[in-house]
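A structural walkthrough
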Amino acid sequence: MRRDKVIIFSGTANPALAKSVASILDSPLGDCAISRFPDGEVSVRIDEPVRGREVFLIQPTSPPVNDNLVELLAMADACHRSSAGAITAIVPYFGYARSDKRHGRREPITASMIAVLMQAVGIRHVVMVDLHSSQIEGFFQTAVDNLTAVPTLCEFLRRRVPSGTVVISPDEGRVKMAIDYARRLDTSIAVLHKERKSGTETRVINVVGEVRDRPCLIIDDMISTGGTIAESIDALLAAGARPEITIAASHGLLLDGAKEKLSHAAIREVVVTDTIPIFNKRWPQLQVVSVGPLIAAAIQCFMEDRSLTALFRNGLIRSANGRHLTRGH
Ligand code: R5P
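**So, the packing of aromatic side chains**
Counted according to the given criterion, the structure contains two aromatic pairs. Taken together, a centroid distance of 6.2 Å and an interplanar angle of 10° make the contact between Phe56 and Phe302 stacked. Of this pair, Phe56 sits in strand S4 (residues 54-58) while Phe302 sits in helix H8 (residues 292-303), and the two are 246 residues apart along the sequence. The class of Phe56 is buried, set by a relative accessible area of 1%. Ring geometry for Phe94 and Phe140: centres 6.2 Å apart, planes at 70°, overall edge-to-face. Of the two residues, Phe94 sits in the loop between strand S5 (86-91) and helix H3 (110-120) while Phe140 sits in the loop between strand S6 (125-129) and strand S7 (143-147), which places them 46 residues apart along the sequence. Of the two residues, Phe94 and Phe140, both sit in the buried class.

Here it is as structure tokens:
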């Protein structure tokens, strides 16, 4: 892929992340106009030629999920109809990922429906960060790269978590991720046996593993209402864990009420990435680590037809122009 053939556009969901990626790559963002018609419909105009070019669209489908999704689809459709050479959607947070299976008889598999829509508008490569479940990759007939923010988060956490910290998986689904954290931080894991009562309510039934007198690092792919984390903290403290708890998650949705749930006295720090903009939800314990360097490194690999393996192994540290790519703030 030739560098002058590449053009990056940002939707309105997370322009700060897109700007950081573009600046690391020394490649200005392409011009486009995105607004809303008076009735709320999405209006998109791409103001750069894309014929024959490799187009990267950066847009997490975070809240407002439906608006951000339609924006991404409209941008891709505009590029597709203007004869872009190839369209890659960089969707750092993939909304509707929790709808990846049917729990009853008459439910959609919305993540699968979105995969169909993305392909229908000409997207031929999708890049996400820490997908809720990897089976979603199978919903696409196109190339999919599911990057992980775990190396970036561990780089940040390494010197911040107290010694003897045990990594906690809040449910069975996150065990693989917890093992990855534990391997990188050279420690052990424990698993919470969680039951989901509804979309907003969960209950921890059991703690599997040794947590007595240990500081804990609870990890998750996302923090939405904060209910899972609050339940996990109660269960860990009841099981004798030290009231020194760190939280790490790839995606900080941090919906209304989450901040209050995460202001528990036992919490030392809450660390999330910037796949979703944090806006004005900040509080002193909240730390945000950027995945801009990770995404820039992935694009660099695509441009040079290189393997992404190093990104999974090390978290990627250096760009082609020599600048450091892993950065916390
Ligand atoms: C559940 O399967 C997910 O991995 C997260 O644990 C969950 O979505 C977090 O949501 P909340 O913060 O609302 O508990």
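**Focus on the packing of helix H1 (residues 15-24) against H8**
At a closest axis distance of 8 Å, the pairing of H1 and H8 adopts a crossing angle of 50°. In terms of axis orientation, H1 runs oblique to H8. Regarding H1 and H8, the two cross each other, and that crossing is right-handed. Where H1 abuts H8, its residues Leu17, Ser20, Val21 and Ile24 lie against Gly292, Pro293, Ile295, Ala296 and Ile299. Class assignment of the residues belonging to the contact of H1 with H8 gives a composition of seven nonpolar, two polar and no charged.

**Observations concerning the site of the ligand**
In the neighbourhood of the ligand, 15 residues make up the surrounding shell, with Asp220, Asp221, Thr225, Gly226 and Thr228 lying closest. In this structure, an oxygen atom belonging to the ligand sits 2.5 Å away from a side-chain N or O atom of Thr225. Between the ligand and Thr228 there is a distance of 2.5 Å, counted from an oxygen atom to a side-chain nitrogen or oxygen. About the coverage of the ligand: the protein hides 93% of its 380 Å² of free accessible area. Of all the elements, strand S11 (residues 216-223) adds the most residues to the shell around the ligand, at four residues. Split into classes, the residues belonging to the shell around the ligand amount to two nonpolar, six polar and seven charged.

**Some points on the domain arrangement of the protein**
Annotation of the protein at the domain level lists domain 1 (3-148 + 291-327) and domain 2 (151-289). Distance from the C-alpha centre of domain 1 to the C-alpha centre of domain 2: 27 Å. Facing the 23 residues of domain 1 at the interface are 19 residues of domain 2. Here domain 1 packs against domain 2, burying approximately 1,700 Å² in sum over the two surfaces, 57% of which is carbon and sulfur. A per-residue breakdown of the area domain 1 buries against domain 2 is headed by Tyr93, Asp130 and Val291, which together make up 30% of the total. Linking domain 1 with domain 2 are zero salt bridges.

**Description of empty space enclosed by the protein**
This structure, assessed with the given rule, holds one cavity of 30 Å³ or more. Roughly 50 Å³ of internal volume is contained in the largest cavity. For the largest cavity, the full set of lining residues is Tyr93, Phe94, Ala97, Met128, Val129, Asp130, Leu131, His132, Met222 and His251.

Calculation criteria
- Residues numbered from 1 in each chain as written.
- Predicted model: local features only at pLDDT ≥ 70, side-chain atom pairs only at ≥ 80, totals over all residues.
- Heavy atoms only, no water.
- Phe/Tyr/Trp six-rings, centres within 6.5 Å; stacked < 30°, edge-to-face > 60°.
- Helix = DSSP H or I, 4+ residues; strand = E, 2+ residues; numbered from the N terminus.
- Buried < 20%, exposed > 50% of the residue type's maximum accessible area, 1.4 Å probe, protein only.
- Axes fitted to C-alpha atoms, helices over the stretch in contact; angles between N-to-C directions.
- Parallel < 35°, antiparallel > 145°, perpendicular 65-115°, else oblique.
- Left-handed = near helix turned anticlockwise from the far one by under 90°.
- Contact = heavy atoms within 4.5 Å.
- Nonpolar A, V, L, I, M, F, W, Y, C, P; charged D, E, K, R; others polar.
- Near = heavy atom within 4 Å.
- Polar contact = N/O pair within 3.5 Å; in protein donor to acceptor, adjacent residues only side chain to side chain.
- Areas by Shrake-Rupley, 256 points an atom, 1.4 Å probe, with all protein chains shown as cover.
- Domains from an automatic or database assignment.
- Buried area = accessible area lost by both parts, 1.4 Å probe.
- Salt bridge = Lys/Arg side-chain N within 4 Å of Asp/Glu carboxyl O.
- 1 Å grid on protein atoms, 1.4 Å probe; cavity = no way out; pocket = protein on both sides within 12 Å on 5 of 7 lines; lining within 4 Å.
- Points joined across faces, edges and corners; volume = space filled by probe spheres on them.

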